[in-house]
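# Examination of the molecular architecture
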Protein chains: 2
Amino acid sequence: MKRVLLTLSFDGTAYHGWQVQENAVTVQETLQNGLESLLGVRPSVTGCSRTDAGVHARQFCCHLDCDDAIPKEAFLRGLNSILPKDIAVTDYREVASDFHARYHCKGKNYRYKMYVGAIHDPFLKNYALRLDQPLDLERCQQFCAGLVGTHDFAPFSSAGRSVTDTVRTVSACNIIENKRGFELSVSADGFLYNMVRIIVGTAIAVSQGRRSPNCAKEIFALGKRELAGETAPPQGLYLNQVFYDLR
Amino acid sequence: MKRVLLTLSFDGTAYHGWQVQENAVTVQETLQNGLESLLGVRPSVTGCSRTDAGVHARQFCCHLDCDDAIPKEAFLRGLNSILPKDIAVTDYREVASDFHARYHCKGKNYRYKMYVGAIHDPFLKNYALRLDQPLDLERCQQFCAGLVGTHDFAPFSSAGRSVTDTVRTVSACNIIENKRGFELSVSADGFLYNMVRIIVGTAIAVSQGRRSPNCAKEIFALGKRELAGETAPPQGLYLNQVFYDLR
């Protein structure tokens with residue numbers, strides 16, 4: 001047996017997130033089905049994090065234990081030919097037998113895509129959030145800068161998942177303007193439930209003048225969820241990079 | 001009553017083409033449902049052409065007769081708020097009472113998107129055709145040039161739709177290379193069933209050396225469907241522009 005770290009990319013539109021659940025198709029279950037066809041046994045697969053329904057991943061990592069028999073190239077080619085075309089396995093790497101995709105993850109980068117238009121773009125329905133008006137970049141950047149550092153991000157998370165330690169370190173947070181609109185990028189050592197989507201909702205509220213560009217300081221100090229903005233919808237969110245220290 | 005020309009854009013992934021059919025959701029039926037909600041009556045809507053299941057439109061035109069009461073801006077805003085987000089109505093224009101979206105159409109431009117990659121891109125599953133290898137642009141351009149002009153395009157069409165006159169005039173046909181891959185563009189006064197998809201399939205066969213770059217001449221001369229290439233899949237195809245002579 002060997003432990004393998006797989007890197008995936010997936011369009012989350014058709015899935016109820018990563019994590020296996022009853023009565024809903026998930027990426028984890030679909031991957032396990034594909035691996036069972038390839039390997040003849042159904043391996044247990046452990047992901048780097050959960051993702052919500054409709055959220056996408058340009059890079060998602062998971063580990064599994066499997067037989068030594070299949071070489072890397074054949075494994076990737078075989079698995080990709082079996083998987084539905086909205087999931088791709090882009091890398092395969094042997095790791096130490098105690099490697100863990102979630103516990104050993106050093107950090108992640110998420111992106112959130114927004115486009116500006118008076119009328120919705122049919123081709124972006126599942127891939128970006130429509131904004132009526134451009135963002136006020138200066139106000140948004142000031143807000144983003146206030147998130148960087150080590151803080152208790154509890155007010156930037158939704159109830160519903162029990163985590164005891166809600167302190168996280170955001171190493172970078174920026175909004176850039178591109179051809180179609182805007183993209184928020186945030187890197188941290190870990191993320192709470194809905195944290196990126198609430199950061200985006202708050203950035204939009206800051207842009208629209210419903211929150212102050214300095215609001216992060218007050219939100220951290222008072223720790224109240226209602227001081228932050230709404231939870232932005234899932235379809236604009238992409239898990240973009242997953243960081244590990246691998247030899 | 002006034003006759004109105006509507007311009008739409010739609011992501012065809014979820015639809016069985018434009019034309020109403022039993023037991024399948026179509027763009028025409030979805031649009032008529034939206035119009036019925038807006039207008040209180042169900043108008044008959046006539047499209048500029050049919051489209052196949054999974055085919056997209058950046059621009060699609062249709063006409064209908066409706067009440068004078070609703071001004072343009074309110075019509076567009078109202079209809080767009082009712083329609084599902086994979087269909088958008090982008091323009092509304094009053095036309096003469098004898099205007100006909102299909103009969104008065106002077107021509108159309110279609111685009112077909114291809115990308116190059118050893119592994120499929122999950123985000124392009126419904127939006128482009130994957131190629132293992134880049135196209136041979138020189139061979140493809142030579143093939144495309146051979147299509148321009150007035151020809152009997154019967155060998156570039158699929159059986160299944162009864163059209164008596166199969167002569168069409170292609171005014172332009174090109175393949176361009178872009179960041180992700182290639183895009184074929186073809187303009188004509190009219191298109192036969194599957195004509196663009198068979199042109200694309202033949203261009204790929206030409207690129208791979210399975211057909212000669214000059215094959216169009218022979219295909220037109222002999223008129224045999226089997227001399228052309230395969231029918232490329234629908235998801236890369238976009239109706240891009242519809243041309244009318246409007247005062």
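Residues numbered from 1 in each chain as written. Chains lettered and ligands numbered in written order. Predicted model: local features only at pLDDT ≥ 70, side-chain atom pairs only at ≥ 80, totals over all residues. Heavy atoms only, no water.

## Some words on the overall build of chain A
A count of helices and strands for chain A gives five helices and ten strands. Nonlocal contacts in chain A, meaning residues at least 24 apart in sequence, comprise 70% of its contacts between residues at least 6 apart. For chain A, the accessible surface area stands at approximately 11,400 Å², while carbon and sulfur atoms represent 47% of it. Across chain A, the centroid of the 28 positively charged side chains sits 2 Å from that of the 26 negatively charged ones. (Helix = DSSP H or I, 4+ residues; strand = E, 2+ residues; numbered from the N terminus. Contact = heavy atoms within 4.5 Å. Areas by Shrake-Rupley, 256 points an atom, 1.4 Å probe, with all protein chains shown as cover. Lys, Arg positive; Asp, Glu negative; His and termini not counted. Charge placed at Lys NZ, Arg CZ, Asp CG, Glu CD.)

## Focus on the pairing of strand β1 (residues 2–10) of chain A
Residues and elements named next belong to chain A. Among the nine residues that make up β1, nine are buried, leaving the element largely enclosed by the rest of the structure. Residues Lys2, Val4, Leu6, Leu8 and Phe10 line one face of β1 and the alternating positions Arg3, Leu5, Thr7 and Ser9 line the opposite face, and both faces are buried. In this sheet, strand β3 (residues 56–66) lies alongside β1 in antiparallel orientation, the contact comprising eight bridges. The residue of β3 that forms the bridge with arginine 3 is aspartate 65. Pairing geometry for β1 and strand β4 (residues 87–95), over eight bridges, is antiparallel. From the neighbouring strand, leucine 6 faces β4, where its bridge partner is tyrosine 92. (Buried < 20%, exposed > 50% of the residue type's maximum accessible area, 1.4 Å probe, protein only. Pairing = 2+ DSSP bridges.)

## Brief notes about the relation of the copies chain B and chain A
Take chain B, turn it by 180°, move it 0.0 Å along the axis, and it overlays chain A with an RMSD of 0.0 Å. Within this description, the copies of the chain are treated as partners about a two-fold rotation axis. A symmetric contact is evident, with 100% of the interface residues of chain B recurring at the interface of chain A. (Least-squares fit on C-alpha atoms with pLDDT ≥ 70 in both.)

## Some words on the packing of aromatic side chains
Residue and element names in this part refer to chain B. What the rule picks out here adds up to 21 aromatic pairs over all chains. With a centroid separation of 4.4 Å and 35° between ring planes, the pair formed by tryptophan 18 and phenylalanine 60 is classed as tilted. Linking tryptophan 18 in the loop between β1 (2–10) and α1 (27–39) with phenylalanine 60 in strand β3 (residues 56–66), this pair joins segments that are 42 residues apart in sequence. Among the residues examined, tryptophan 18 registers a relative accessible area of 1% and is labelled buried. Between the aromatic rings of tyrosine 110 and phenylalanine 191, the centroid separation amounts to 4.8 Å while the plane-to-plane angle is 80°, which identifies the pairing as edge-to-face. (Phe/Tyr/Trp six-rings, centres within 6.5 Å; stacked < 30°, edge-to-face > 60°.)

## Observations concerning the pattern of salt bridges
Residue and element names in this part refer to chain B. What the rule picks out here adds up to 21 salt bridges over all chains. The partner of arginine 130 in a salt bridge is aspartate 132, with the nearest N and O atoms 2.8 Å apart. Here arginine 130 falls in the partly exposed class, since its relative accessible area comes to 33%. Given the relative accessible area of 53%, aspartate 132 is considered exposed. In this structure, arginine 210 engages glutamate 230 in a salt bridge whose closest nitrogen and oxygen atoms are separated by 3.7 Å. Of this pair, arginine 210 sits in the loop between α4 (195–207) and α5 (215–222) while glutamate 230 sits in the loop between α5 and β10 (237–243), and the two are 20 residues apart along the sequence. Of the residues examined, arginine 210 reaches a relative accessible area of 41% and is grouped as partly exposed. (Salt bridge = Lys/Arg side-chain N within 4 Å of Asp/Glu carboxyl O.)

## Comments concerning the domain arrangement of chain A
All names here are of chain A. The domain boundaries assigned to chain A delineate domain 1 (2–95) and domain 2 (107–243). Inter-centroid distance (C-alpha atoms) of domain 1 to domain 2 is 27 Å. Facing 15 residues of domain 1, the contacting portion of domain 2 comprises 17 residues. Taken together, both faces of the contact between domain 1 and domain 2 bury some 1,400 Å²; the carbon and sulfur share is 51%. For the domain 1 face of the interface with domain 2, the top three residues by lost area are His56, Arg58 and Gln59, together amounting to 40%. The interface formed by domain 1 and domain 2 holds one salt bridge in total. In this structure, the salt-bridge partner of aspartate 52 is arginine 197, at a minimum N-O distance of 3.1 Å. Split by residue class, the side of domain 1 that touches domain 2 holds six nonpolar, five polar and four charged. (Domains from an automatic or database assignment. Buried area = accessible area lost by both parts, 1.4 Å probe. Nonpolar A, V, L, I, M, F, W, Y, C, P; charged D, E, K, R; others polar.)

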